Amino acid sequence: MKTKLKNAVILGCLMLASVTQAQDVIQTTSEINAQATITRGNIDNVLARMAESRPNSQFRATDYHAQNSEFQSKLEAALVKFEDTLTKDIFAKAAFWMDQYNSVYASNEFSPEQKAILLTQRMENLKNQFKTLSTEYQAAVNKVYGLVPNFDLALNYSKTTSKRICAETDSDSVSVFYSSAGKTVGAKAKIAVNAYDHDDNDYLDIILDGNLFQQRLYNGQSRSWVSFDSQIICKKRYTTVIDFSKMIEAFPNLSSGLNSQLYPKVYPAIKGKCRSSICLGLRSGDMVNLLTQVKTKIDRNISMKLASGQQVVLVSANADLKLIQSLLVRTDYPETLPFDL
């Protein structure tokens, strides 16, 4: 009964508090306006940086110019859409939930105990709402990234967990492939893994499509994706734990091999309407520049300060661009093109 009465009092106080919200509205509006101003400035900066990349007039890049104006128009339209989504939709929702918290914080209608309970509840709800808003924010950012073909390519594995391999007793294999928008794209490969002992030294074999890459293990000291149990439970010395998710990073030449398989698959989208190598180089350069600008100025965490001094955050997409950038800078085109027109 006391609990029900206590909740009823809190609810009644909340209804009274909703009438006087001037202070919390000012706090919320100030934060939203500040972030909207930063967003507008960053968008202007991206457009200015992209406009600076003009090709040398000595190049006969008519095929580049023919599609570059369309590329610039799409960029401007995408950034306008991004700003509208962020300021008119996501920020508006964020302001509503921030006001819910700030109104309680600024109110004098509650006892310290009541306010503490309500603020805890409001903060929990605020964090949950910002998780949802972060998903919407990330989708908006990814649409800008989407101006670059296949920007969302990712390296994936048929097994995501580590595998224990005892020297001389076990081996395992894992399929490696690229995915985009949840679908498998382009290259696939099979990595065979085998740990064994030879002449009192442990070795790890990585075999990609018949190519052997051998890693010697010196007394437990190895690359980041290999670790050892302290217990001696194998026929020889170690239980090798292979983290498949880091394998490609540990062997860049494996990544390069997969990229070479993948490049012909994504090349047509990168090429666009180019008929010359200078056009393709300029177009790829624009894409790399755009990815860099979006990564540094658009794809950012947005922190909002509450009346209490605490902060809530819209979490960015934090896109991993290494793969698509490595493809964009390749010059081993799968066809022969004239230098210019």
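**Student:** Please set out the packing of aromatic side chains residue by residue, giving values where relevant.
**Tutor:** The geometry of an aromatic ring pair is captured by the separation of the ring centres together with the interplanar angle, meaning the angle of the planes. Within the structure shown, the criterion is met by 5 aromatic pairs. Between Phe-96 and Trp-97, the aromatic rings sit 4.9 Å apart at their centres with planes inclined by 80°, giving edge-to-face as the arrangement. Note on Phe-96: relative accessible area 45%, which makes it partly exposed. Between Tyr-263 and Tyr-267, the aromatic rings sit 5.8 Å apart at their centres with planes inclined by 65°, giving edge-to-face as the arrangement. Of this pair, Tyr-263 and Tyr-267 both sit in helix H6 (residues 252-271), 4 residues apart, roughly one helical turn. What makes Tyr-263 buried here is its relative accessible area of 3%. Pairwise contacts between aromatic rings join Tyr-263, Tyr-267 and Tyr-333 into one cluster. The cationic tip of Lys-115 hangs over the ring face of Tyr-105; the distance from NZ or CZ to the ring centre is 6.0 Å. Taking NZ or CZ as reference, Arg-330 lies 5.4 Å from the ring centre of Tyr-263, over its face.

**Student:** Report on the confidence of the model for the protein chain, specifying residues and quantitative values.
**Tutor:** The share of residues in the protein chain with pLDDT of 70 or more is 71%, and the mean pLDDT across the chain is 81. Low pLDDT (under 50) marks residues 218-224, which in the prediction has 12 contacts with non-local residues, meaning those over four places away or in another chain.

**Student:** Help me get a handle on the nonpolar core, residues and values and all.
**Tutor:** In terms of nonpolar packing, the biggest core is built from 74 residues, with Phe-82, Phe-130 and Leu-290 touching the most fellow members. Of all the elements, helix H3 (residues 62-106) adds the most residues to this core, at 14 residues. In this structure, Phe-130 is in contact with Ala-94, Met-98, Met-304, Val-312, Val-313 and Leu-314, ignoring residues within four places of it in sequence.

Parameters and conventions
- Residues numbered from 1 in each chain as written.
- Predicted model: local features only at pLDDT ≥ 70, side-chain atom pairs only at ≥ 80, totals over all residues.
- Heavy atoms only, no water.
- Phe/Tyr/Trp six-rings, centres within 6.5 Å; stacked < 30°, edge-to-face > 60°.
- Buried < 20%, exposed > 50% of the residue type's maximum accessible area, 1.4 Å probe, protein only.
- Helix = DSSP H or I, 4+ residues; strand = E, 2+ residues; numbered from the N terminus.
- Lys NZ or Arg CZ within 6 Å of the ring centre and 35° of its normal.
- pLDDT = per-residue confidence, 0-100.
- Contact = heavy atoms within 4.5 Å.
- Core = buried A, V, L, I, M, F, W, Y, C linked by side-chain atoms within 4.5 Å.

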